[in-house]
Amino acid sequence: MLETSARLLRLLSLLQAPRDWTGGELAERLEVSTRTVRKDVERLRDLGYPVRATRGSAGGYRLQAGAAMPPLLLDDEEAVAVALGLRTAAGGTIAGIEETSLRALAKLEQILPARLRRRVNALQTYTTPVAASGPTVDAAVLTAITAACRDHERLRFDYESHDGTAGLRVVEPYRLVNWGRRWYLMAWDTDRQDWRTFRVDRMTPRTPTGPRFTPRDLPDDAVNRLTRGVAAAAWRHRARVTVHMPAETLAERISSAVGTVEPIDEHTCVLQTGAGSVETLALYLGMLGADFTVSDPPELLAHLRELSERYRRATQ
């Protein structure tokens, strides 16, 4: 009986891999006959595991989704990763899942072998998370948005912009992105006829969702658009800077989240950038490694003049 139970666990572990297994392959791995494999598959089905079997030369066995959640087999690294993920989720940016995460973590830690429990506890004991304040997002809101992305359904929601104005938006949703402690939605704004990025914590979805839409091709620079949109959403100060450097060289030195680069000629370009403060902007510009000329804003110009005087005094 012990041999049969151990073989069933080994078979279940193999079937959890995202592929089809032929009866011969499983028999070879388990060192049994194909008849025994068929019997063991039936035992797993009796235990509630939905094992699908397909016939033919390209057929085989695969574990598929079922009506209930069966027990899972995790290797050592997977178990540690799940435990750490649950600890992080308990103090993360999604509201309403803290208690659920802790309950799942307690169940997992109860059955972890001592060697793995020591690894997880050591990581928790000797790492100190930095307390960070920020908005949280309701799990139901994330679920509703991802369902609309999956089903290609328009979203209607009330949205509060960074300047405090509110209004109804209608979009075709495509991607959710987690950036730091914030969640963002990349979508096609049907009113503005352009791609837009929205902070999810400022969204209040309306139900029901809108009609289905035919998905558009994402722009080639979709990732850059999104990172620029996410970064720009947090900018309080924006600047237009002429940099005395070829546009290709500057683009290689900065990430797309810093801003956009437009060539003027072979030796100069314009950088459209921003930051939460003029002090941060001045720091970024000083790290470009090239001469630059600031057109605006006036508060950045004033801060740069103050810095130049300070540096001049420091070198006397």
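Residues numbered from 1 in each chain as written. Predicted model: local features only at pLDDT ≥ 70, side-chain atom pairs only at ≥ 80, totals over all residues. Heavy atoms only, no water.

A. Representation of the nonpolar core in the model. Counting 19 residues, the largest nonpolar core has Val241, Val243, Leu250, Leu271, Leu285, Leu288 and Leu300 as the members making the most contacts within it. Those elements that place two or more of their residues in this core are β10 (237-243), α9 (247-253), β12 (269-275), α10 (278-286) and α11 (298-314). Top contributing element to this core by residue count: α10, with four residues. Not counting residues up to four positions away in its chain, the partners in contact with Val241 are Cys269, Val270, Leu271, Leu285, Phe292, Thr293 and Val294. Counting 17 residues, the second-largest nonpolar core is a separate cluster that includes Ile94, Ala148, Trp183 and Met203. (Core = buried A, V, L, I, M, F, W, Y, C linked by side-chain atoms within 4.5 Å. Buried < 20%, exposed > 50% of the residue type's maximum accessible area, 1.4 Å probe, protein only. Helix = DSSP H or I, 4+ residues; strand = E, 2+ residues; numbered from the N terminus. Contact = heavy atoms within 4.5 Å.)

B. A look at the side chain of Arg169. Among the secondary structure elements, Arg169 is positioned in strand β6 (residues 166-179). Within the structure, the side chain of Arg169 is placed 2.9 Å from the side chain of Asp189, a separation counted as a polar contact. Setting aside residues up to four positions removed in sequence, Arg169 forms contacts with Leu155, Arg156, Phe157, Tyr159, Asp189, Arg192 and Phe198. (Polar contact = N/O pair within 3.5 Å; in protein donor to acceptor, adjacent residues only side chain to side chain.)

C. Representation of α10 within the structure. Within the sequence span of α10, burial applies to Val278, Leu281, Ala282 and Leu285. In a view along the axis of α10, the buried residues occupy a sector of 100 degrees, so they form one face of it. (Arc of directions from axis to C-beta.)

D. Structural view of the sheet that holds strand β13 (residues 292-296). The strand order β11-β12-β10-β13 describes an open sheet built from four strands, whose pairing is antiparallel. Looking at which strands have only one partner, the edges of the open sheet turn out to be β11 (259-263) and β13. Averaged over all pairs of adjacent strands, the angle between strand axes in this sheet comes to 25 degrees, irrespective of strand direction. The pairing of β11 with β12 spans five bridges and is antiparallel. What sits directly across from Pro263, in β12, is Cys269. Of the strands in this sheet, β10, β12 and β13 are in contact with α10, which crosses β12 at around 145 degrees. Packed onto the sheet, α11 meets β10 and β13 and runs at close to 140 degrees relative to β13. (Pairing = 2+ DSSP bridges. Axes fitted to C-alpha atoms, helices over the stretch in contact; angles between N-to-C directions.)

E. Spotlight on the packing of aromatic side chains. Per the stated rule, a full pass over the model turns up six aromatic pairs. With 5.1 Å between their ring centres and 85 degrees between their planes, Tyr159 and Phe198 make a pair best called edge-to-face. You can see Tyr159 sitting in strand β5 (residues 155-160) and its partner Phe198 sitting in strand β8 (residues 194-199), a full 39 residues away along the chain. Assigned by exposure class, Tyr159 and Phe198 land together as buried. Ring pairing ties together the aromatic residues Tyr174, Trp188, Trp195 and Phe213, which thus form one cluster. Of note, Arg19 hangs over the ring of Trp21, and the distance from its end group to the ring centre comes to 3.7 Å. (Phe/Tyr/Trp six-rings, centres within 6.5 Å; stacked < 30°, edge-to-face > 60°. Lys NZ or Arg CZ within 6 Å of the ring centre and 35° of its normal.)

F. Up close: the pairing of β8. In the sheet, strand β7 (residues 182-189) pairs with β8 via six bridges, with the strands oriented antiparallel. Paired with Asp189 across the bridge in β8 is Asp194. What sits between β7 and β8 in their antiparallel hairpin is a turn of four residues, with Gln193 showing a positive phi close to 50 degrees.

G. Highlighting the sheet that holds β5. Read across the open sheet, the five strands follow the order β8-β7-β6-β5-β9; overall the sheet is antiparallel. Edge positions in the sheet fall to β8 and β9 (203-205), since each has one partner strand and no second. Between one strand axis and the next, the sheet turns through 50 degrees on average, direction left out of account. Pairing of β5 with β9, which is carried by three bridges, proceeds in the antiparallel orientation. Counterpart to Tyr159 in the pairing with β9 is Met203. Sheet strands in contact with helix α7 (residues 139-151) are β5, β6, β7 and β9, and its direction is about 90 degrees off that of β6.

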